[in-house]
Amino acid sequence: MILQTAFSLPTPTTLLSPSCPHQLNTLFFTHRRRRLISPSRFNSSFSQRRFSFSVAASGNNVFTSPETSKTFDFSSEEKIYKWWESQGYFKPNFDQGGSPFVIPMPPPNVTGSLHMGHAMFVTLEDIMVRYNRMKGRPTLWLPGTDHAGIATQLVVEKMLASEGIKRVDLGRDEFTKRVWEWKEKYGGTITNQIKRLGASCDWSRERFTLDEQLSRAVVEAFVKLHDKGLIYQGSYMVNWSPNLQTAVSDLEVEYSEEPGFLYHIKYRVAGSPDFLTIATTRPETLFGDVALAVHPEDDRYSKYVGQTAIVPMTYGRHVPIIADKYVDKDFGTGVLKISPGHDHNDYLLARKLGLPILNVMNKDATLNDVAGLFCGLDRFEVREKLWADLEETGLAVKKESHTLRVPRSQRGGEVIEPLVSKQWFVHMDPLAEKALLAVENKELTIIPERFEKIYNHWLTNIKDWCISRQLWWGHRIPVWYVVGRDCEEDYIVAKNAEEALEKAHEKYGKDVEIYQDPDVLDTWFSSSLWPFSTLGWPDVSAKDFNNFYPTNMLETGHDILFFWVARMVMMGIEFTGTVPFSHVYLHGLIRDSQGRKMSKSLGNVIDPLDTIKDFGTDALRFTIALGTAGQDLNLSTERLTANKAFTNKLWNAGKFVLHSLPSLSDTSAWENLLALKLDKEETLLSLPLPECWAVSKLHILIDSVTTSYEKLFFGDVGRETYDFFWSDFADWYIEASKSRLYGSGGNSVSLASQAVLLYVFENILKLLHPFMPFVTEDLWQALPYRKEALIVSPWPQNSLPRNVESIKRFENLQALTRAIRNARAEYSVEPVKRISASVVGSAEVIEYISKEKEVLALLSRLDLNNVHFTNAPPGDANLSVHIVASEGLEAYLPLAAMVDISSEVQRISKRLSKMQTEYDALVTRLSSPKFGEKAPEEVVRGVKEQVEELEEKIKLTKARLDFLKSTTSLVSQ
């Protein structure tokens, strides 16, 4: 109550009604060079004070303090993380009620090692989770890892190979046992690395896609889809990996442009002396040719349509010559060989036209007996030998260099072979239709919105999904065959072997034997069930399923929108009747500082763990989070360095705030400080100008930042909070507060300043915590009277009072300060020198500016005893530097008190002479005809710009010199 009386404002004020905060441009963020607060500048009386830490932090050696540590110690991050986890803060808390916020973590491969893609998703998801946790919602971030069928099997096979052991020598059961042993030993690596990034997941609910519960869900899903006729078996074109001996998904095929050849080969037209020449990049596939095709409007070949051609080196095998618009007249010779067993496009054309499909290749990429004398040879060896034989027989026309688009295995790097193979497929059209409606009906929102078109296009043109893989590690396909019967006709789908045998006995008699399909399911099949299988499905009565499904958010990279996100949507709707998440947030790639994709070959890979060691987790997270949804982010050492400096700036600000607070033994001061409720309107109006401005700006920031968090505009959150902390709080309010703490304002003014420092700083820590969890928690724990950890502290309230008039008034004070600082810089006034000033303004302006005389003097380095406030220019105005801060606010700075005028005249005269010489040289250069004729246009334009710039500088310098000379003459009079 005493404080409210002491700080009552003399004039009426206008409160600004809270409104929707503006949005910053997410494409721009400039790091400005800032001055850090030097600990040596603290008043010695404050530096001697020490505080007791909060209850949470005391006596556990987890937290450090700005009072005892010069900078934030990155090594304490792991201790803080373990403390959070030990306190149960990562688990959902239903005590406060509210609807749950749930994110299923995209499960990284169990073989994985942390890279920047992981750092991106962990950072963004943890921001969402920490924000919603502080908002009081029961929050679940459900972690887990993927068994990664191909990748894990490859890793273990290589390990065994180093011991001289082959997978087939061990047998399936023993090999699988070895993989499980490897998983138990090394599978936790990626999990521990994710923890290092600060991921506040509920690790008690961690899942693995081969867990018993998730495996049960996979079998249930397969059986249900098969019973509905959506899973079928058939022979179709797939991507075949000869080394891995399995089909692979489109996602696991990477295309690279490589140098190769285009082979021109002659095919004789049967019954004619004529030849048709084809051009192919893969001559070894000609043994699988079933037709030659030309464009129906290609006059060169129209007479041959309907005839047959003889395939070279096949002992006279004839194939039809057909016409189809699919053929590109302008590519190669305009004649296309159709090899539907070894080319995706040829396969589709053959199915459309009813052509036979001929396979010439074994599964190890050697040629089969269809290739005759070339049987048993590797595909690339055949390519060389076949071309040599064609040259011998005169059927080789030419071989020309050509850039090939080569499909390679993402895992092993080998060339993928398009091959027709018997596999299990999911019929996708009925599933895709529902997934399309989910977006159309706004049940699912994709962020950024532009990816909706890509999502819709893919689902509209979807192909059936090959879900079988010829591996030993993974979910075994729940299909059993009857010994001695046709596998394609007589098979049994069951949830386990016992059920399969029972069905076989019922259908085929008690004497039959059965065996299980040797293949496993595509890893993406189990991943497509992730949002609900991890919560207990197919047990729809499971507690977690009822509490947390459907989830709220799926955050992942835009590159797996089709392969994972769309499939989860389809499976979620199919099995649970609802979309598995209401929002999909897609992030881009992290590239190097030049915008290049990170790769080992370029040597530009940035290791997150090395980055954390050098810059700290918080700096890495803050840098990554400043990107825009769906956009790639260029990561540079400069950005990381700047945000490490931001971490240090926070630490130094915490040091200042702590040293500024009353001693804990001063119970009376703390009672008064804590009684000052700065979130109340009457208290706000009672504050002095700088304090009212700082609190008002904070309240505006809280609204703006909260809105940005809700809209998932994380870049805006980071930039707005960064600018407020560094510009408004550190550069202005902390500096202004020193006049209260070390000046003559009295205890009440000092106490208000202490309360504002603490209030603003603790709220800054709350706003930044989702981005920078470690340093903010450490600083929070150092503040007195903390009742709980920052990670679970309540989010600041919205729509708190703010005072427009105080903001405008303090902005006037800032403008005046900047103008005086600029004048000092222009006249090279020594930083330590205190100068005089006469401040001129209207009665209203002078009334509030004069009350902050100490603040103005401190910030502008004025001589406190020679700062005067008036409504008219002083008598020595013509001997002063006149500055206009804003409309109705000016200042006069006596020149003689700022500089030695005669010395300044000499200095500026020399500068003017130098500028004039430079200007004359440039003008001479421009006037030279040779320069105008021979110099590039951009060079001439650059010189002209230099001349214009110098003209302006000379004009200003002459005006200043004239002013100085006139002042000298007036002084001498």
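Naming follows an unreviewed UniProt entry, where the protein chain appears as valine--tRNA ligase of Arabidopsis suecica. What UniProt states about the protein chain under its Catalytic activity (unreviewed entry) heading is, verbatim, "tRNA(Val) + L-valine + ATP = L-valyl-tRNA(Val) + AMP + diphosphate". As recorded by UniProt, the Sequence similarities (unreviewed entry) comment attached to the protein chain reads in full: "Belongs to the class-I aminoacyl-tRNA synthetase family."

Participant: Would you mind showing me how to read the overall build of the protein chain here?
Facilitator: Along its length, the protein chain carries 34 helices and 29 strands. At 38 Å, the protein chain has a C-alpha radius of gyration far larger than the 30 Å of a compact globule built from 973 residues. Within the protein chain, buried positions represent 54% of all 973 residues. Total accessible area on the protein chain stands at roughly 42,800 Å², and carbon and sulfur atoms take up 49% of it. Of the side chains in the protein chain, 110 bear a positive and 124 a negative charge, and the two mean positions are spaced by 5 Å.

Participant: Looking at this structure, how should I read the pattern of salt bridges?
Facilitator: Oppositely charged side chains may form a pair once their charged atoms are brought near each other. With the rule as written, the count across this model stands at 38 salt bridges. Linking Glu417 and Arg282 is a salt bridge whose minimum nitrogen-to-oxygen distance equals 2.2 Å. Of this pair, Glu417 sits in strand 14 (residues 417-426) while Arg282 sits in the loop between strand 8 (275-280) and strand 9 (291-294), and the two are 135 residues apart along the sequence. The exposure classification of Glu417 matches that of Arg282, with both residues buried. When salt bridges with common partners are traced through the structure, they connect Arg282, Glu284, Arg379, Arg383 and Glu417 into a single cluster.

Participant: Please clarify how a negative patch on the surface should be interpreted in this entry.
Facilitator: Where like charges cluster on the molecular surface, the negative patch consists of Glu945, Glu948, Glu951 and Glu952. In this fold, Glu945 is placed in helix 34 (residues 937-972).

Participant: Help me understand the packing of helix 25 (residues 714-741) against helix 30 (residues 853-860), please; the structure alone is not making it clear to me.
Facilitator: Axes are the key here: two packed helices are described by the angle between their axes and the distance separating the axes. Relative to each other, helix 25 and helix 30 sit at 120 degrees, their axes nearing to 8 Å. As judged from the angle between their axes, helix 25 and helix 30 are oblique. Remark: the crossing between helix 25 and helix 30 carries right-handed chirality. Contact with helix 25, carried on its side by Trp732, Glu735, Ala736, Lys738, Ser739 and Arg740, involves Glu854, Val855, Leu858 and Leu859 of helix 30 and no other residues of that element. When the residues that make up the contact of helix 25 with helix 30 are grouped by side-chain class, the tally is five nonpolar, one polar and four charged.

Participant: Even after reading the chapter, I still don't get unusual backbone geometry, so can you show me in this structure?
Facilitator: Where the residue is not glycine, phi is negative for most of them; where a peptide bond is considered, it is trans in most cases. Between Ile447 and the following residue, Pro448, the backbone shows a cis peptide bond with an omega angle of 0 degrees. Mapped onto the secondary structure, Pro448 falls in the loop between strand 15 (445-447) and helix 13 (451-460). Here Trp537 and Pro538 are connected by a cis peptide whose omega angle stands at 15 degrees. Mapping Pro538 onto the fold places it in the loop between helix 16 (530-533) and helix 17 (543-548). For Met313, which is not a glycine, the phi torsion comes out positive at approximately 65 degrees. Mapping Met313 onto the fold places it in the loop between strand 10 (308-310) and strand 11 (318-323). Given the relative accessible area of 26%, Met313 is considered partly exposed.

Participant: Teacher, can you tell me more about helix 3 (residues 77-86) here?
Facilitator: Taken together, the buried positions of helix 3 are occupied by Glu77, Ile80, Tyr81, Trp83 and Trp84. The arc that holds every buried residue of helix 3, seen down its axis, measures 160 degrees, which confines them to one face. Exposed residues on helix 3 whose side chains face more than 90 degrees from its buried face are Lys82 and Ser86. In the core, the buried residues of helix 3 are packed alongside helix 4 (116-134), helix 8 (189-196), helix 19 (608-615), helix 20 (617-625) and helix 27 (773-782). Just past helix 3, the residue Gly88 takes up positive phi, approximately 80 degrees.

Participant: Looking at this model, I keep getting lost on the sheet that holds strand 14. Mind explaining?
Facilitator: Working definition: the strands of a sheet are paired by backbone hydrogen bonds and lie parallel or antiparallel to each other. Strand order in the open sheet made by the four strands is 6-5-14-16, with antiparallel pairing throughout. Each edge of the sheet is formed by a strand with only one pairing partner; in this case those strands are strand 6 (246-248) and strand 16 (465-466). In terms of strand pairing, strand 5 (residues 231-241) meets strand 6 through three bridges, oriented antiparallel. Bridge pairing links Ser241 to Thr246 in strand 6.

Participant: Sorry if this is basic, but what is going on with the nonpolar core here?
Facilitator: Leu650, Phe729 and Phe761 are the most contacted members of the largest nonpolar core, which has 159 residues in total. The greatest single-element share of this core, amounting to 13 residues, is contributed by helix 26 (residues 747-768). In terms of nonpolar packing, the next biggest core, distinct from the first, is built from 62 residues, Val218, Phe545, Phe548 and Phe581 among them.

Participant: For this particular structure, what's the right way to read the side chain of His264?
Facilitator: With respect to the element layout, His264 can be found in strand 7 (residues 253-269). Among residues more than four places away in sequence, those in contact with His264 are Thr277, Ile278, Ala279, Thr333, Trp387, Leu395, Ala396, Val397, Lys398 and Glu400.

Participant: Explain the environment of Leu678 here, please?
Facilitator: Mapped onto the elements, Leu678 comes out in the loop between helix 22 (667-675) and helix 23 (681-685). Residue class for Leu678 comes out buried when judged on its relative accessible area of 4%. Along the primary structure Leu678 and Val756 are separated by 78 residues, whereas in three dimensions their C-alpha atoms are 7.6 Å apart. In this view, Leu678 contacts Thr683, Leu687, Val695, His699, Ala755, Val756 and Tyr759; residues no more than four positions away in its chain are not counted.

Participant: I'm lost on helix 7 (residues 172-186) in this one. Help?
Facilitator: Because each turn of an α-helix spans 3.6 residues, side chains separated by three or four positions in sequence point in the same direction. Here helix 7 is 15 residues long and its end C-alpha atoms lie 21 Å apart, about the 21 Å a rise of 1.5 Å per residue gives. Those residues of helix 7 that sit buried are Arg172, Phe175, Val179, Trp182 and Lys183. An end-on view of helix 7 places all buried positions within 100 degrees of arc, on one side of the element. Along helix 7, exposed side chains directed more than 90 degrees from the buried face belong to Asp173, Glu184 and Lys185. Turning to helix 7, the residues buried within the fold contact helix 5 (149-161), helix 6 (167-170), strand 4 (207-208) and strand 21 (520-521).

Participant: Looking at this structure, how should I read the packing of aromatic side chains?
Facilitator: Two measures describe an aromatic ring pair: the distance that separates the ring centres and the angle between the ring planes. Taken as a whole and assessed by the stated rule, the structure comprises 48 aromatic pairs. Geometrically, the ring pair formed by Tyr232 and Phe425 is stacked, given 5.7 Å between the ring centres and 15 degrees between the ring planes. Of the two residues, Tyr232 sits in strand 5 while Phe425 sits in strand 14, which places them 193 residues apart along the sequence. Judged by relative accessible area, which is 23%, Tyr232 ranks as partly exposed. For Phe425, a relative accessible area of 5% puts it in the buried group. Residues Phe622 and Phe771 carry aromatic rings whose centres are separated by 5.8 Å and whose planes lie at 55 degrees to one another, so their mutual orientation is tilted. Remark: Phe771 occurs in the loop between helix 26 and helix 27 and Phe622 occurs in helix 20; sequence separation between them is 149 residues. The class of Phe622 is buried, set by a relative accessible area of 0%. Its end group placed over the ring of Phe275, Lys266 keeps NZ or CZ at 4.7 Å from the ring centre. Geometry around Tyr255 places Arg405 over its ring, the cationic atom sitting 4.0 Å from the centre.

Rules used throughout
Residues numbered from 1 in each chain as written. Predicted model: local features only at pLDDT ≥ 70, side-chain atom pairs only at ≥ 80, totals over all residues. Heavy atoms only, no water. UniProt positions renumbered as here; feature names shortened; annotations may be inferred. Helix = DSSP H or I, 4+ residues; strand = E, 2+ residues; numbered from the N terminus. Rg over C-alpha atoms; globule rule 2.2 N^0.38 Å. Buried < 20%, exposed > 50% of the residue type's maximum accessible area, 1.4 Å probe, protein only. Areas by Shrake-Rupley, 256 points an atom, 1.4 Å probe, with all protein chains shown as cover. Lys, Arg positive; Asp, Glu negative; His and termini not counted. Charge placed at Lys NZ, Arg CZ, Asp CG, Glu CD. Salt bridge = Lys/Arg side-chain N within 4 Å of Asp/Glu carboxyl O. Patch = residues over 30% accessible without salt bridge, like charges linked within 9 Å, V, L, I, M, F, W, Y side chains within 5 Å. Axes fitted to C-alpha atoms, helices over the stretch in contact; angles between N-to-C directions. Parallel < 35°, antiparallel > 145°, perpendicular 65-115°, else oblique. Left-handed = near helix turned anticlockwise from the far one by under 90°. Contact = heavy atoms within 4.5 Å. Nonpolar A, V, L, I, M, F, W, Y, C, P; charged D, E, K, R; others polar. Arc of directions from axis to C-beta. Pairing = 2+ DSSP bridges. Core = buried A, V, L, I, M, F, W, Y, C linked by side-chain atoms within 4.5 Å. Expected span 1.5 Å × (residues − 1). Phe/Tyr/Trp six-rings, centres within 6.5 Å; stacked < 30°, edge-to-face > 60°. Lys NZ or Arg CZ within 6 Å of the ring centre and 35° of its normal.

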